[in-house]
Amino acid sequence: METKRYKNYELFKNKIRDAFSSLIYEKRDITKISIKELVMRANISKSTFYSHYKNIYSIADEIEEELLVGFGTINRNGNLMDQIVMIYKRHEKLLKLLYSTKHNEKFTFRLRDLLVEETINNSDFLIDEEKDKRQFKVTMTVNCILFSLIDYLQGNTSLKNYADIEKILREYINRIK
């Protein structure tokens, strides 16, 4: 939401996002957060909130957009897994925030589609495969990586150490090459 900026614009935007983050971690469901509760937590007025965001969901949407921009940087100069892991690590806090809510299905599929497109257009991963097979294998690989990371972020895996998950994913990718 593009708005006119004032002197402390970034300061108050950060206060809103910090309050949103703490409420998401507490409630685990974006639908359970009220604007009243958020402005109290951020110690701001409702008008300040509305000068930054349209509603609670627009905060999550903004976070999603920031993440999609970050993941839209896959290139031919590196290993696919290395690039995804690097991007994941750079944005781990935001990803954990996003995947601690129920407001993530649409984002997950947008992220998957972006990663598949970036991999096909900008990386050498499986470059020697014929077009249809490459599309399928890239999609399958990205799904494996992405949903493994989501399971980790949501605590739905018996592996609690990220390094263990990364090692298994690397072994999987090496097998399908």
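Residues numbered from 1 in each chain as written. Predicted model: local features only at pLDDT ≥ 70, side-chain atom pairs only at ≥ 80, totals over all residues. Heavy atoms only, no water.

Colleague: Before we go on, may I ask you to explain the overall build of the protein chain in this structure?
Modeller: The number of helices and strands found in the protein chain is nine helices and zero strands. What you see in the protein chain, going N to C, is helices and strands ordered as α-α-α-α-α-α-α-α-α. Burial analysis of the protein chain (177 residues in total) assigns 45% to the buried set. In the protein chain, the share of contacts with a sequence separation of at least 24, taken over all contacts with a separation of at least 6, comes to 63%. Of the accessible surface of the protein chain, which amounts to about 10100 Å², a share of 51% is contributed by carbon and sulfur atoms. (Helix = DSSP H or I, 4+ residues; strand = E, 2+ residues; numbered from the N terminus. Buried < 20%, exposed > 50% of the residue type's maximum accessible area, 1.4 Å probe, protein only. Contact = heavy atoms within 4.5 Å. Areas by Shrake-Rupley, 256 points an atom, 1.4 Å probe, with all protein chains shown as cover.)

Colleague: Can you walk me through the nonpolar core in this structure?
Modeller: What tends to happen in soluble globular proteins is that the nonpolar side chains get buried as a cluster. The biggest cluster of nonpolar side chains holds 50 residues, and the ones touching the most others in it are F20, L38, F49, I59, F71, L95 and F107. The set of elements that each furnish at least two residues to this core consists of α1 (9–27), α2 (35–42), α4 (56–71), α5 (80–90), α6 (92–98), α7 (105–122), α8 (131–153) and α9 (162–176). Counting residues per element, this core draws most heavily on α8, at eight residues. For F107, the residues in contact, after removing those within four places along its chain, are E64, L67, L68, L95, L98 and Y99. (Core = buried A, V, L, I, M, F, W, Y, C linked by side-chain atoms within 4.5 Å.)

Colleague: When you look at the packing of α1 against α2 in this model, what are you seeing that I'm missing?
Modeller: A pair of packed helices can be characterised by two numbers: the angle between their axes and the separation between those axes. Packing of α1 against α2 brings their axes to within 8 Å, and their N-to-C directions diverge by 120°. On the basis of the axis angle, α1 is oblique to α2. In the crossing of α1 with α2, the sense of the turn from one axis to the other is right-handed. Residue-level contacts link K15, I16, A19, F20, S22, L23, E26 and K27 of α1 to E37, L38, R41 and A42 of α2. Here the residues of the contact of α1 with α2 are counted per class, giving six nonpolar, one polar and five charged. (Axes fitted to C-alpha atoms, helices over the stretch in contact; angles between N-to-C directions. Parallel < 35°, antiparallel > 145°, perpendicular 65-115°, else oblique. Left-handed = near helix turned anticlockwise from the far one by under 90°. Nonpolar A, V, L, I, M, F, W, Y, C, P; charged D, E, K, R; others polar.)

Colleague: Help me out: how do you make sense of the side chain of K13 in this one?
Modeller: Mapped onto the elements of the fold, K13 is located in helix α1. A polar side-chain atom of K13 sits 3.1 Å from a polar atom in the side chain of E62. The contact partners of K13, leaving out residues within four places of it in the chain, are H52, Y53 and E62. (Polar contact = N/O pair within 3.5 Å; in protein donor to acceptor, adjacent residues only side chain to side chain.)

Colleague: I would appreciate a short explanation of α1 in the present structure.
Modeller: Because each turn of an α-helix spans 3.6 residues, side chains separated by three or four positions in sequence point in the same direction. For α1, with 19 residues, the first-to-last C-alpha span of 27 Å sits near the 27 Å given by 1.5 Å per residue. Taken as a whole, α1 has its buried residues at Y9, K13, I16, R17, A19, F20, S21, L23 and I24. The inward-facing, buried residues of α1 contact α2, α3 (46–52), α4 and α6. Two residues or fewer after α1 comes R28, characterised by a positive phi angle close to 60°. (Expected span 1.5 Å × (residues − 1).)

Colleague: So what exactly am I meant to see when it comes to the pattern of salt bridges here?
Modeller: One side chain can pair with another of opposite charge once the charged atoms of both are near each other. Per the stated rule, a full pass over the model turns up eight salt bridges. Put simply, E66 and R17 hold a salt bridge, and the shortest N to O gap is 2.6 Å. In this pair, E66 is assigned in helix α4 and R17 in helix α1, connecting sequence segments 49 residues apart. The class of E66 is partly exposed, set by a relative accessible area of 33%. Given a relative accessible area of 14%, R17 falls into the buried group. (Salt bridge = Lys/Arg side-chain N within 4 Å of Asp/Glu carboxyl O.)

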